[in-house]
Amino acid sequence: VTGKEANRNSLTINGNAKVRVNSDLKAGHVGNGREATANENNITISDNANVRGHDIAGNVNNNGKTADGNNLTISGEANVTGNVTGGKIKGATATANSNSVTISGKNKVTGYVIGTDLQTGKTANSNSVTISGDANVTGNVAAAHVGNGEEANDNNLTISGNAKVTGNITGGGS
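Definitions and cut-offs
Residues numbered from 1 in each chain as written. Predicted model: local features only at pLDDT ≥ 70, side-chain atom pairs only at ≥ 80, totals over all residues. Heavy atoms only, no water. Helix = DSSP H or I, 4+ residues; strand = E, 2+ residues; numbered from the N terminus. pLDDT = per-residue confidence, 0-100. Pairing = 2+ DSSP bridges. Axes fitted to C-alpha atoms, helices over the stretch in contact; angles between N-to-C directions. Core = buried A, V, L, I, M, F, W, Y, C linked by side-chain atoms within 4.5 Å. Buried < 20%, exposed > 50% of the residue type's maximum accessible area, 1.4 Å probe, protein only. Contact = heavy atoms within 4.5 Å.

**Focus: the environment of E35**
Looking at where E35 falls in the secondary structure, it is placed in strand β2 (residues 18–37). Taking the C-alpha atoms as reference points, E35 and K108, 73 residues apart in sequence, are found 36 Å from one another.

**A look at the confidence of the model for the protein chain**
When the pLDDT values of the protein chain are averaged, the result is 92; 98% of them are 70 or greater. Averaged pLDDT values over the elements of the protein chain bottom out at 85 in β2 and peak at 98 in strand β11 (residues 128–131).

**Things to note about the sheet that holds strand β1 (residues 10–13)**
Judged by pairing direction, the sheet is parallel, and its six strands sit side by side in the order β1-β3-β5-β8-β11-β14 without closing on themselves. Both edges of this open sheet fall to β1 and β14 (156–159), since each of them pairs with a single strand only. Each adjacent strand pair in this sheet contributes to an overall mean axis angle of 5 degrees, direction not counted. Two strands pair when backbone bridges link them, and strand β5 (residues 71–74) and strand β8 (residues 100–103) are joined in this way by four bridges, in the parallel orientation. Of the residues in β8, the one forming a bridge with L72 is V101.

**Looking at the nonpolar core**
With 24 residues, the main nonpolar core has I74, I103, V113 and I131 as its most contacted residues. Counting only elements with at least two residues in this core, the list comes to β2, β3 (42–45), β4 (50–66), β5, β8 and β11. Leave out the neighbours within four places in its chain, and I74 touches I45, V80, V84, T102, I103, S104, N107 and V109. Counting 13 residues, the second-largest nonpolar core is a separate cluster that includes A6, V60, A124 and A144.

Right, dumping it as structure tokens:
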């Protein structure tokens, strides 16, 4: 999709739903739009849902401006096979701020978990990942990942309860 905005969209998968996608499952997505935004998008996966594919709440592939305030929540006994990302963006002046991933309950995520993925751009600030309850994550976890950007500040990663993570753990970095 080439465009300018993909803001305030929601995607909910719950009950005993089984979803299998060949690539990415996205609530808000702009493929290649000059100064494009993907803000305040939400994905909720709950109950006994089973999802196979990479899950991204807000995404801008190229020339992005902002991917801010996106949230991805996994709760109940959901099972996710694939990578989980709150916000993801690529752009010379791009920001990826205040994105979050929350995993709670007795669920399993097989893949990496990232609050925000700033592939190129300026800032990845105030992003968070919270893993609690009896959640089991078998992959790397980071509140913020900066591939080629300028700063990653005030990012928070919390693991509590009986949660288990088997992978590298990073609050914010590049």
